Amino acid sequence: MHDLRTLRDDMPMLRAAMERRGKIDVLGPVLERAGALDKERRRLILGVEEQKAARNANAQDVARRKKAKESADEQIAAGRALGEAISTAEAALSSVESELGELMFELPNATREEVPAGDETNNVILRNWGTPRMDAGVPPHWETGAALGVLDLERGVKVAGSGFIAYRGMGARLQRAFMQFMLDLHTRVHGYEEVWVPFAVNRASMIGTGQLPKFEEDMYRLRDDELYLVPTAEVPVTNLHRDEILDASVLPVAMTAYSPCFRREAGSAGKDTRGLLRVHQFDKVELVRYVAPDRAEAELELLLAHAEKVLQLLELPYRVLLLAAGDTGFASSKTYDLEVWSPGTQKWLEVSSCSNFGEFQARRANIRYRPAPGEKPRFVHTLNGSALAFPRTFACLLEHHWQADGTVRIPVALQPFLGASQLG
RNA sequence: GGACAGGUGGCUGAGCGGUUGAAAGCACCGGUCUCGAAAACCGGCGUACCGGCAACGGUACCGAGAGUUCGAAUCUCUCCCUGUCCGCCA
């Protein structure tokens, strides 16, 4: 959510931002309309408030006269007329405000200047870590997973439908090991507070982080209650301090949480859906930080390093991408993706997305901090990243560490958590 | 799920339908005093929006929304949340 003042004072910046995202065709007119509505809104406010001031003065007058036992009939009649005028004016104002509000919810965040313009073909590979396995003959994870008895795709489909996974035996245990391994790393080494949060959230939370109102069709919604299954722990964790003013001394707030993630993936049917590549329910450990604005850039690098550390310990070769504006998420001002090489499918798979949201989410969720006693509250900047999403990590693990005898080597760092040094 | 009782500023807690944005206390900030601190005393101390270069002025906000009224924190309705008891239950 952008500040209305930006609309007023820096329209060229907003236009340029939509241009870089490749959305100017659709959003240019939205910006124009919003700008006009903002002007209209202020004009109406002026009138309404003037009338209200008159009404308040008139009501005081009535009170004074009644106290003095004078007649107030004239004032009461005047007040009634004012009241009618006010409700007409307010109706006009509220219709302008609700349209303006809807338009503002349509506008994505502006990306930072170092983010390249254009679509995903403009993403920049910043660096590589490790050596991708290029030898032929590494089977895809769904074959290895079935052979080792750790993945039961057919039965996942039977009990829930396509995109729902059943893990078995050591495969199930590996999920638990992932959770413990990642949470321990982030809490004990990287200094995050571990939190465990609701996996269903209300509408206000979904609006706070930017999933709603724009992406309703991607969310699982509970029919009888105004609740949504979380698409990522980002939602409940970031919203933990919604509508609060934090003391500056608590920044940076760093929280990590495990959660299952539920995504309808509307519109992406049939795309990269083999095995674990794209599923409706998956598990993930998430990192969330609230930081002071001037720290946001540095803290994003820090958070990215925390996510990378997981891959390094899992000994999985990866690359770091700086996403181009058009590929950057709606609420984000800058996003790094971590992609792991999958030798079984000959693809780079995204296992983490680390973003700086600036004040875009904090403004929606109303998360502020007071820089110093007596100073005005300011919005925090929010950051988050997966560290990591389990299924694709699982897939790459099964492929990259696959050995010619059909077994899978378990990286040393994970062994104590799994209680085994190999699968099979 | 049922029955009661509640939801007021950072916290505690007053508040007859009419100078109540809201008493008081705590916390916090500034000052006096002190070598310094504490105590005491004095003063200040909400958020958002609109107008204004500014000083400042205006409007709104007492869980949320609607209503009654010249005027609502105060009355009515709906919803949400919290507490207590009962029921059910992992």
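Residues numbered from 1 in each chain as written. Chains lettered and ligands numbered in written order. Predicted model: local features only at pLDDT ≥ 70, side-chain atom pairs only at ≥ 80, totals over all residues. Heavy atoms only, no water.

**Description of the layout of surface pockets**
In this model, the second largest pocket occupies a volume close to 360 Å³. Lining the second largest pocket are 19 residues, with Asn109, Ala110, Ser333, Gly358 and Glu359 sitting closest to its centre. Grouping the amino acids of the lining of the second largest pocket by side-chain chemistry returns seven nonpolar, seven polar and five charged. (1 Å grid on protein atoms, 1.4 Å probe; cavity = no way out; pocket = protein on both sides within 12 Å on 5 of 7 lines; lining within 4 Å. Points joined across faces, edges and corners; volume = space filled by probe spheres on them. Nonpolar A, V, L, I, M, F, W, Y, C, P; charged D, E, K, R; others polar.)

**Let's talk about the nonpolar core**
Core analysis: the biggest nonpolar cluster contains 56 residues, and Phe178, Phe394 and Leu414 have the highest contact counts within it. The element that contributes the greatest number of residues to this core is helix α7 (residues 170-189), accounting for eight residues. Beyond its immediate sequence surroundings of up to four residues, Leu414 is in contact with Leu174, Ala177, Phe178, Phe181, Leu314 and Leu397. Of all hydrophobic cores here, the second largest spans 22 residues; its members include Leu4, Ala17, Met18 and Met104. (Core = buried A, V, L, I, M, F, W, Y, C linked by side-chain atoms within 4.5 Å. Buried < 20%, exposed > 50% of the residue type's maximum accessible area, 1.4 Å probe, protein only. Helix = DSSP H or I, 4+ residues; strand = E, 2+ residues; numbered from the N terminus. Contact = heavy atoms within 4.5 Å.)

**A look at helix α2 (residues 11-20)**
Residues three or four positions apart in an α-helix share a direction because the helix packs 3.6 residues into each turn. All of the buried residues along α2 are Leu14, Ala17 and Met18. Relative to the axis of α2, the buried residues are bounded by an arc of 95° and lie together on one face. If you follow the buried residues of α2, they end up packed against α1 (4-9) and α3 (24-67). Positive phi appears at Gly22, one or two residues downstream of α2, with a value of about 75°. (Arc of directions from axis to C-beta.)

**Side note on the protein's contact with RNA strand B**
Taken together, 23 residues form the shell around RNA strand B, and within it Arg8, Glu49, Ala59, Arg80 and Arg368 come nearest. Considering the 4 Å shell around the protein, atoms of RNA strand B inside it are sugar or phosphate in 73% of instances. A distance of 3.3 Å separates a phosphate oxygen of RNA strand B from a polar side-chain atom of Arg5. Listed by contribution, the elements that provide at least two residues to the surface near RNA strand B are α1, α3, α4 (73-106) and β12 (367-370). Looking at the surface near RNA strand B residue by residue, the class counts come to eight nonpolar, three polar and 12 charged. (Near = heavy atom within 4 Å. Polar contact = N/O pair within 3.5 Å; in protein donor to acceptor, adjacent residues only side chain to side chain.)

**Here's the deal with the packing of helix α5 (residues 141-148) against helix α12 (residues 390-400)**
Direction vectors running N to C along α5 and α12 enclose 80°, while the axes themselves pass 9 Å from each other. Accordingly, the angle class assigned to the pair α5 and α12 is roughly perpendicular. In this structure, α5 contributes His141, Thr144 and Gly145 to the contact, and α12 contributes Ala395, Leu398 and Glu399. Looking at side-chain class alone, the contact of α5 with α12 contains two nonpolar, three polar and one charged residues. (Axes fitted to C-alpha atoms, helices over the stretch in contact; angles between N-to-C directions. Parallel < 35°, antiparallel > 145°, perpendicular 65-115°, else oblique.)

**Quick look at the domain arrangement of chain A**
For chain A, the domain assignment lists domain 1 (4-106) and domain 2 (120-423). For domain 1 versus domain 2, the distance between C-alpha centres works out to 42 Å. Between domain 1 and domain 2, roughly 650 Å² of surface is buried when both sides are summed, and carbon and sulfur atoms account for 48% of that area. Of all residues in domain 1, Arg21, Phe105 and Glu106 give up the largest surface area on contact with domain 2, accounting jointly for 86% of the area buried on that side. Taken together, domain 1 and domain 2 are joined by one salt bridge. Residues Glu106 and Lys214 are paired through a salt bridge, measuring 3.3 Å at the closest nitrogen-oxygen approach. Scanning the region where domain 1 abuts domain 2 turns up four residue pairs in polar contact (both at pLDDT 80 or more). Taken together, the residues that form the side of domain 1 that touches domain 2 break down as one nonpolar, no polar and three charged. (Domains from an automatic or database assignment. Buried area = accessible area lost by both parts, 1.4 Å probe. Salt bridge = Lys/Arg side-chain N within 4 Å of Asp/Glu carboxyl O.)

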